[in-house]
Amino acid sequence: DWFPAAVPVPGGFVAVGDCIAMLDDEGVVVQAARLDVPMVSLAAHDGWLYAVDTLGKEILMIHESGVIVARIEPPLKGYLRAVASDGKMLWAVTDAGEILSSQNGFVWKTIDFNTKYAGFYPEMDFRAVAAGSGGVMFSLPSCSHCNNLERYADDVLYSRVSTEDKVLLLGSDGCKLLEKP
């Protein structure tokens, strides 16, 4: 199975890719269901799961049982690439430089980064968003006031999911669970 994204849930993790799977707290798949369209990004927010699939046109709201309960299609120029939660807001990005935010998962506000910052930054093609502890980070071109992110080849590491005492790594070799020191 291919799992590019996961989130911690009570008793383990939920991972998505070509299927949606429940992993126990040791990182072992205990239940899985095939998906019609593979998912590439996943976030947990207010007791719900939100995902972006490989088609990139909708944000899927998923019940913990794995049932898709809503398909939200915000008006976009580009294709959705990632979704994340900082605990207060949901964030999503597109390959056309759009940044989306939502408090409830249904109503989304969109900022066109490329239009807003034309002349200051080159055209952006967002591929990832990281959020947590009330903050959000987007990968930007390196400059004196931006963070430089460590990059991994796509075929090495897809996602890193952290809990209080463990880290689940999802990559081309499958899942690996590490204990925090």
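Only a predicted model underlies this, so the values are computations on that prediction, with no experimental measurement involved.

Definitions and cut-offs
- Residues numbered from 1 in each chain as written.
- Predicted model: local features only at pLDDT ≥ 70, side-chain atom pairs only at ≥ 80, totals over all residues.
- Heavy atoms only, no water.
- Pairing = 2+ DSSP bridges.
- Helix = DSSP H or I, 4+ residues; strand = E, 2+ residues; numbered from the N terminus.
- Axes fitted to C-alpha atoms, helices over the stretch in contact; angles between N-to-C directions.
- Buried < 20%, exposed > 50% of the residue type's maximum accessible area, 1.4 Å probe, protein only.
- Contact = heavy atoms within 4.5 Å.
- Polar contact = N/O pair within 3.5 Å; in protein donor to acceptor, adjacent residues only side chain to side chain.

1. Details of the sheet that holds strand S4 (residues 29-34)
With antiparallel pairing, the four strands of this open sheet are ordered in space as S1-S2-S3-S4. Strands at the two margins of the open sheet, each flanked by one partner only, are strand S1 (5-9) and S4. Strand-to-strand twist across the sheet, computed as the mean angle between neighbouring axes with direction ignored, equals 15°. Here five bridges tie strand S2 (residues 12-16) to strand S3 (residues 19-24), and the two strands are oriented antiparallel to one another.

2. Looking at the sheet that holds strand S10 (residues 90-94)
Strand order in the open sheet formed by four strands is S9-S10-S11-S12, with antiparallel pairing between adjacent strands. If you trace the sheet from one side to the other, it starts and ends with strand S9 (80-85) and strand S12 (109-112), each paired once. For this sheet, the mean angle separating the axes of adjacent strands, direction not counted, is 20°. Pairing of S9 with S10, which is carried by five bridges, proceeds in the antiparallel orientation. Its bridge partner being in S10, Ala-82 is matched across the sheet by Val-93.

3. Examining unusual backbone geometry
Of note in the backbone geometry, Asp-46 takes a positive phi value of approximately 50° without being a glycine. Here Asp-46 lies in the loop between strand S5 (39-45) and strand S6 (48-53).

4. Describing the environment of Asp-53
Within the fold, Asp-53 resides in strand S6. Residue classification places Asp-53 among the buried positions, given a relative accessible area of 4%. In this structure the C-alpha to C-alpha distance between Asp-53 and Val-16, which are 37 residues apart in sequence, comes to 9.5 Å. Each residue touching Asp-53, except ones within four places of it in the same chain, is listed here: Val-37, Pro-38, Met-39, Val-40, Glu-58 and Leu-60. In this structure the side chain of Asp-53 is engaged in a polar contact, spanning 3.0 Å, whose partner is the backbone nitrogen of Leu-55. A polar contact is formed between the side chain of Asp-53 and the backbone nitrogen of Gly-56, at a distance of 3.1 Å.

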